[in-house]
Amino acid sequence: MGAIIGALGGLIGLGGAEFRLPILIGLFNFAALEAVILNKAMSLVVVATALPFRAGTVPFSAVADNWPIVLNLLAGSLIGAWFGAGWATKLRSETLYKVIAIMLVAIAIVLVFGHDATAGQPMLTGVSQLIAGVFAGFIIGIVASLLGVAGGELLIPTLVLLFGADIKLGGSLSLAISLPTMLVGFTRYSRDRSFSVISRNKAFLLIMAAGSIVGTFVGGLLLGIVPNAVLLPALAIILLISAVKVWRH
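What counts, and where the lines are drawn
Residues numbered from 1 in each chain as written. Predicted model: local features only at pLDDT ≥ 70, side-chain atom pairs only at ≥ 80, totals over all residues. Heavy atoms only, no water. UniProt positions renumbered as here; feature names shortened; annotations may be inferred. Helix = DSSP H or I, 4+ residues; strand = E, 2+ residues; numbered from the N terminus. Expected span 1.5 Å × (residues − 1). Buried < 20%, exposed > 50% of the residue type's maximum accessible area, 1.4 Å probe, protein only. Axes fitted to C-alpha atoms, helices over the stretch in contact; angles between N-to-C directions. Parallel < 35°, antiparallel > 145°, perpendicular 65-115°, else oblique. Contact = heavy atoms within 4.5 Å. Left-handed = near helix turned anticlockwise from the far one by under 90°. Nonpolar A, V, L, I, M, F, W, Y, C, P; charged D, E, K, R; others polar. Salt bridge = Lys/Arg side-chain N within 4 Å of Asp/Glu carboxyl O.

A. Structural context of the UniProt feature "transmembrane region" (unreviewed entry) in the chain. Taking the UniProt record as the reference, the feature "transmembrane region" (unreviewed entry) is found at residues 35-55, 67-89, 95-114, 126-149, 203-223 and 229-247. Secondary structure content for residues 126-149 is 92% helix and 0% strand, and the end C-alpha separation is 30 Å.

This is the structure in structure tokens:
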């Protein structure tokens, strides 16, 4: 499962966590908050490895050239990640399951419609773009922490539509933004007693993480081969099915 999900991360520029979370809850029977924390830990592995594996197609220099965009979104996402993780630790499990299910449906919709966007002129410029970038980053940071995801499914459409980035560059930029955002959320979760799920499941975490690294390598090789017109609707259907199962859990 780690390898399959990791391949999706390398292929699209996602951490793959939106697909991993329902598996942790439904297949491996982790409680909601524990699943989110484990998901966050494994997403960090996928994001950290997916970025260099994609460098053959999108070089690091291209990412570095767009540092103002990265900083703009990080200004909001770091704050959102801290608040989102704090809220997750206070929600009842039943409520968190429903929040997760609703967000999975929202992500499925964004995958289908948001990722069809093509690079062009930025939607906004100047101060308006700066403010919109911070606000978008804040919302994405909250979602990333509540689900334990990297946030690429929301970051990529934002980068394409708001900043006019190319879809492939957007995937790598999203990974560069996701990594520090996830570290902030992870730090906040470490203050909750549920964080002990990591020490109790080290072997499981390492095995799934190893599979994820293999998957991100394969996904990086497949980048640009699998058409989005086929891939994205299929992934959206998987997310919708997962949302129903998590809601009923």
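B. Here's a closer look at helix H3 (residues 32-53). With 22 residues, H3 should reach 32 Å at 1.5 Å per residue; the first-to-last C-alpha distance of 31 Å fits that figure. The buried fraction of H3 is high, at 18 of 22 residues.

C. Examining unusual backbone geometry more closely. Its identity is not glycine, yet Asn 29 carries a phi of approximately 60 degrees, on the positive side. Considering the arrangement of structural elements, one finds Asn 29 in the loop between helix H2 (17-26) and H3.

D. Fine view of the packing of H3 against helix H7 (residues 126-147). Relative orientation of the contacting elements H3 and H7 amounts to 110 degrees, with a least axis distance of 7 Å. The orientation of H3 with respect to H7, classified from their angle, is roughly perpendicular. Contacts between H3 and H7 involve Val 36, Asn 39 and Lys 40 from the first element and Ala 144, Ser 145, Leu 146 and Leu 147 from the second.

E. Structural view of the side chain of Ser 212. By secondary structure assignment, the location of Ser 212 is in helix H11 (residues 202-222). Taking relative accessible area as the criterion, Ser 212 reaches 0% and is therefore assigned buried. Dropping the residues within four chain positions of it, Ser 212 is found in contact with Gly 2, Ala 3, Gly 6, Arg 20 and Val 46.

F. Geometry of the packing of H3 against helix H9 (residues 167-189). The contact between H3 and H9 brings their axes to 9 Å, and the two run at 145 degrees. Helix-helix and strand crossings are classified by hand; for H3 and H9 the assignment is left-handed. Contacts between H3 and H9 involve Leu 33, Val 36, Ile 37, Lys 40, Ala 41, Ser 43, Leu 44, Val 47, Ala 48, Ala 50 and Leu 51 on the former and, on the latter, Ser 172, Leu 175, Ala 176, Ser 178, Leu 179, Met 182, Leu 183, Phe 186 and Tyr 189. Along the lines of polarity and charge, the residues of the contact of H3 with H9 split into 16 nonpolar, three polar and one charged.

G. Representation of the pattern of salt bridges within the structure. Counted according to the given criterion, the structure contains two salt bridges. Residues Arg 200 and Glu 34 are paired through a salt bridge, measuring 2.7 Å at the closest nitrogen-oxygen approach. Here Glu 34 lies in helix H3 and Arg 200 lies in helix H10 (residues 197-200), a separation of 166 residues in the sequence. A salt bridge links Arg 92 to Glu 94, with the nearest nitrogen and oxygen atoms 3.6 Å apart. According to the relative accessible area criterion, Arg 92 is exposed, its value standing at 54%. A residue is classified by how much of its surface remains accessible, and Glu 94, at 42% relative accessible area, is partly exposed.

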